[in-house]
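Inside the fold
One-letter residues, chain by chain:
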Amino acid sequence: MSWKDTAEPVLVRMPAVRKPDRHIPFKRKLAWTAGVLVLYFFLTNVMLFGLDITRDQAVFGRFSSILASGQGSVLQLGIGPIVTASIVLQLLGGANLLGLDTQNDPRDQILYQGLQKLLVLVMICLTGLPMVFAGNFLPVDTQVAQSLGVGIAGVQWLIFAQMFLGGVLILFMDEVISKWGVGSGIGLFIVAGISQRLVGGLLTHPAIGGQQYGIILTWIRMATGAVPIGPVFSSDGLQALLFTQGHLLQLFTTLLIFAIVVYAESVRVEIPLSNARVKGARGRFPVKLIYASVLPMIFVRAIQANIQFLGRILRAQLQSLPAWLGVYANGRPVGGLFYYLAPIHSPRDWMWFLGGATQPVWKVLLRMGIDLTFMISGGAIFAVFWVETADMGPESTAQQIHSSGMQIPGFRQNVGVIEKVLERYIPQVTVLGGALVGLLAVMANMLGTIGGVGGTSLLLTVSITYKLYEEIAEEQLMEMHPMMRQLFG
Amino acid sequence: MPSSRSHLQSPVSIVVFSIGVCFLVLGAFGVLADTHPAISVSGWGLYADRNLEVIGVLTGGVALLGESVLIPAGCDTPPTLDCQTVYMAEPLQEMLLSLAAEAEPDTVSFGLAVTPAGNLASGTNVPDQTPVFSDVYLPEEPNSVSSVFGIDLSTPPQRTQGRFISHPRSGLEVTKRDDLHEVVFVAVPPWHDASIAAFDRAGRRHRLETVDATAVPDVPEPVNI
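Presented here is an overview of the structure given in this document. (Residues numbered from 1 in each chain as written. Chains lettered and ligands numbered in written order. Predicted model: local features only at pLDDT ≥ 70, side-chain atom pairs only at ≥ 80, totals over all residues. Heavy atoms only, no water.)

Of the regular secondary structure elements, chain B holds four helices and seven strands. The secondary structure elements of chain B, listed N-terminal to C-terminal, are α-α-β-α-β-β-α-β-β-β-β. Looking at chain B as a whole, 44% of its 225 residues qualify as buried. Look at the contacts in chain B between residues 6 or more apart in sequence, and 55% of them connect residues 24 or more apart. For chain B, the exposed area adds up to about 11700 Å²; of that, 58% sits on carbon and sulfur atoms. (Helix = DSSP H or I, 4+ residues; strand = E, 2+ residues; numbered from the N terminus. Buried < 20%, exposed > 50% of the residue type's maximum accessible area, 1.4 Å probe, protein only. Contact = heavy atoms within 4.5 Å. Areas by Shrake-Rupley, 256 points an atom, 1.4 Å probe, with all protein chains shown as cover.)

So, in structure tokens, the structure goes:
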């Protein structure tokens, strides 16, 4: 009896959003999408009951935007569990450990979908429980504990229950969008979260809950003299304009990364194809430069976070940590191996000339070099790892080309031959793309971006928006309002 | 359409440029008011005035830069497709019809790209610059990246000007269920030359002419197999 037979009764009973039984008009698709989006923004503002907001710590830090999580809200976990579950399933499926034939067997397809949902629930628990019960990331409001009379542990379970509910809600919101809306929920929530931060970085005001003024408001205040920066063309004025109050560097970095990503999105290698039966018929198979998307960065960042986590554990366990291993101040490494291995999150971590870093310049430069090397080489290595493990490499691509009846001109119509030719393109493109994504992520962190969104998040947002644009522009244009039709050409 | 632009065309650029001019004028007026004793009104302080001028120049510059960078100057390249007559290479048509026939009763949907007639292998009687549909892009299949993000991020945006769709069960027309494109080719059984037609996005029919020309195949460099 295989695991499939054992798990089938549970997996086939996982609740699912009903599929539409006929074509959905585009206006209704937009309405579903807008409705779910409003619900998402609403839920990111429903704060966890029982949480001490004054001591709340940013658990994911800069990663929260890519996970579309609302810090301290019921959507604290964001799409993290869904993405993690999908990654785990893809890797297991790619290594053929599941034994599911999702292409041809309808029963396996249903089992796969049920398994994915079950894994998301497991991931919600695996991510949520340590967040609430360990590390004091989500501190409990003691007053709530006293007034309810359930103790700290009781309130912690209450917080976890709310997070669990939020995680389940986002899972079904994603499914609603995938079946009844435009694009995918995951993509939509990432774009929504990052766009919110970008707009916030430009326009926020202390009166509407922002911690400081947005860039545009700061410029207006600088222009009206409310923020004194001195003469613009003096060194102090330029420094203030570029690095501190003016945040021009952030604006330039964001625009530059945006431009590079838009360009890189369209860079591809086109593999020429011909048809075995029709002489003169020509086809193309495009391989995109950013072939593995931002997935390599998720792995690299996870490794970096785990190294830092190890440092904290060692520091807590060992009475005195050797100086070569790590010197800590205010819970952050300021020297030793763990300092050099810590990723750079913002310009303050390295801009010694602005008084940001207190370490000697050579140490700062060494840390920058290590971060850069780690991200670029890690990006390339994990891109190859993903492509090879999750069925995107030359072998499976060759199979896809062969089964479509095409062949590579000048070569025999044989899977092995096609694979040999593809081996000249796909690994190289994957390595280059992975390294480029790593470089962009480091650049964004080092120079700073509007609203503090990372390079990985910006890259993902641009890619998703471009795809959504394509989907809207190409597919359902006929049903659109004349204004929208004009907008999409 | 001219390929060079002598003035701002995008409404956004015009608004941004106007804001820049306003800042510059305000700054200049402020400087004048602060420095010229004959003017009774005072400005916003010399530093603020100069900053306003700088912001004005920068904003105007951004508008001009945006106009020249973000809006491609060559909107008309590749050449605009003839709205009345659409040309397709004969081998491509033959291949598409055979692929559609093989896939029946399922539908197929392929992106199609054009090549200028002058670049095709054999001589044709259409002008050299006329775009002729000559290439098919293999359809996007779900992969592991699209499974994680729910959206296909590993396939590049295709530089296609048309799309071929088969209708094994419905008529020779564009329906609301179809993937639309600048030019939509619809084919129906029995998959003969007469059972394919070209339409625009709104479903208006184009005249379709097949060109007896073969595209020169790009052959990759030989590899040791």
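From this point on, the discussion continues.
Before going further, it helps to spend a moment on the packing of helix H14 (residues 394-403) of chain A against helix H15 (residues 415-422) of chain A. Residue and element names in this part refer to chain A. For the pair H14 and H15, interaxial distance at closest approach is 8 Å and the crossing angle is 130°. Considering the angle they form, H14 stands oblique to H15. The interaxial crossing formed by H14 with H15 has right-handed handedness. In this structure, H14 uses Pro-394, Glu-395, Thr-397, Ala-398, Gln-399, Ile-401 and His-402 to contact H15, whose residues at the interface are Val-415, Ile-418, Glu-419 and Leu-422. (Axes fitted to C-alpha atoms, helices over the stretch in contact; angles between N-to-C directions. Parallel < 35°, antiparallel > 145°, perpendicular 65-115°, else oblique. Left-handed = near helix turned anticlockwise from the far one by under 90°.)

Here the focus is the pattern of salt bridges. Using the criterion set out here, one finds 11 salt bridges over all chains in the structure. In this structure, B:Asp200 and B:Arg204 form a salt bridge, with 3.1 Å as the shortest nitrogen-oxygen distance. Sharing partners across several salt bridges, the network here consists of A:Arg268, A:Glu270, A:Arg282, A:Arg284 and B:Asp135. (Salt bridge = Lys/Arg side-chain N within 4 Å of Asp/Glu carboxyl O.)

Contacts between chain A and chain B engage 77 residues on the former and 61 residues on the latter. Of the roughly 5800 Å² buried where chain A meets chain B, counting both sides, 62% is carbon and sulfur surface. Applying the counting rule to chain A against chain B returns two salt bridges. Taking the shortest distance from any N to any O, the salt bridge between B:Asp135 and A:Arg284 comes out at 2.9 Å. Counting across the interface, chain A meets chain B through eight residue pairs in polar contact (both at pLDDT 80 or more). Taken together, the residues of the side of chain A that touches chain B sort by class into 41 nonpolar, 20 polar and 16 charged. Note: strand E2 (residues 282-288) of chain A against strand E3 (residues 131-137) of chain B, three bridges, orientation parallel. Bridge pairing links A:Gly283 to B:Val136 in E3(B). (Buried area = accessible area lost by both parts, 1.4 Å probe. Polar contact = N/O pair within 3.5 Å; in protein donor to acceptor, adjacent residues only side chain to side chain. Nonpolar A, V, L, I, M, F, W, Y, C, P; charged D, E, K, R; others polar. Pairing = 2+ DSSP bridges.)

Residue and element names in this part refer to chain A. Across all of its chains, the model carries two cavities of 30 Å³ or more by this definition. Roughly 30 Å³ of internal volume is contained in the second largest cavity. Surrounding the second largest cavity, Val-384, Val-387, Glu-388, Pro-394, Ile-426, Pro-427 and Thr-430 form its lining. Across the lining of the second largest cavity, the residue classes tally to five nonpolar, one polar and one charged. (1 Å grid on protein atoms, 1.4 Å probe; cavity = no way out; pocket = protein on both sides within 12 Å on 5 of 7 lines; lining within 4 Å. Points joined across faces, edges and corners; volume = space filled by probe spheres on them.)

Residues and elements named next belong to chain B. Along the chain, Ser-134 falls in strand E3. Using a relative accessible area of 1% as the deciding quantity, one classes Ser-134 as buried. One polar contact links Ser-134 to Asp-135, side chain to side chain, over a distance of 2.6 Å.

With that settled, the discussion passes to the packing of aromatic side chains. Tallying each qualifying case throughout the model produces 13 aromatic pairs over all chains. The interplanar angle of 55° and the centroid separation of 4.8 Å between the aromatic rings of A:Phe133 and A:Trp157 together place this pair among those described as tilted. Of this pair, A:Phe133 sits in helix H4 (residues 106-133) while A:Trp157 sits in helix H6 (residues 151-180), placing them 24 residues apart in sequence. Measuring from ring centre to ring centre gives 5.0 Å for B:Phe133 and B:Phe185, while their planes differ by 80°; the resulting arrangement is edge-to-face. In this pair, B:Phe133 sits in strand E3 while B:Phe185 sits in strand E5 (residues 183-187), placing the two residues 52 residues apart along the sequence. Here B:Phe133 matches B:Phe185 in class, with each residue buried. By the ring-pair criterion, three or more aromatic residues cluster together here, those being A:Phe133, A:Trp157, A:Phe160 and A:Phe164. Over the ring of A:Tyr213 we find A:Arg221; its NZ or CZ atom is 3.9 Å from the centre of that ring. (Phe/Tyr/Trp six-rings, centres within 6.5 Å; stacked < 30°, edge-to-face > 60°. Lys NZ or Arg CZ within 6 Å of the ring centre and 35° of its normal.)

A word on the pairing of E5(B). Residue and element names in this part refer to chain B. Along E5, five of the five residues are buried, which leaves the element largely enclosed by surrounding structure. Side-chain alternation along E5 places Val-183, Phe-185 and Ala-187 on one buried face and Val-184 and Val-186 on a second face that is also buried. Taken together, the five bridges between strand E4 (residues 162-166) and E5 define a ladder with parallel strand orientation. Each bridged residue has a counterpart across the sheet, and for Ile-165 the counterpart in E5 is Val-186. Of the strand pairs in this sheet, E5 and strand E6 (residues 196-199) are connected by four bridges, and their pairing is antiparallel. The residue of E6 that forms the bridge with Val-186 is Ala-197.

It is worth spelling out the nonpolar core at this point. Ranked by size, the top nonpolar core spans 148 residues in total, and within it A:Trp386, B:Phe149, B:Phe164 and B:Phe185 carry the most contacts. In terms of residue count, H6(A) provides more of this core than any other element does, 10 residues in total. Shared between two domains, this core takes at least three residues from each, and those domains are domain 1 (1-11 + 26-183) and domain 2 (247-489) of chain A. If sequence neighbours within four positions are ignored, B:Phe185 has contacts with B:Val86, B:Met88, B:Leu112, B:Phe133, B:Arg163, B:Phe164, B:Ile165, B:Ile196, B:Ala197, B:Ala198 and B:Leu208. If you look at the next biggest cluster of nonpolar residues, it comprises 10 residues, including A:Ile215, A:Met222, A:Val232 and A:Ala240. (Core = buried A, V, L, I, M, F, W, Y, C linked by side-chain atoms within 4.5 Å. Domains from an automatic or database assignment.)

So, about the packing of helix H1 (residues 3-11) of chain A against H4(A). All names here are of chain A. One can describe the packing of H1 onto H4 by two numbers: an axis separation of 10 Å at closest approach and a directional angle of 70°. Taken together, the axes of H1 and H4 lie roughly perpendicular to each other. Note on packing geometry: the crossing formed by H1 with H4 is left-handed. Counting all contacts with H1, which are made through Trp-3, Lys-4, Asp-5, Glu-8 and Leu-11, the residues of H4 involved are Arg-107, Asp-108, Leu-111, Gly-114, Leu-115 and Leu-118. Residues of the contact of H1 with H4, tallied by class, amount to five nonpolar, one polar and five charged.

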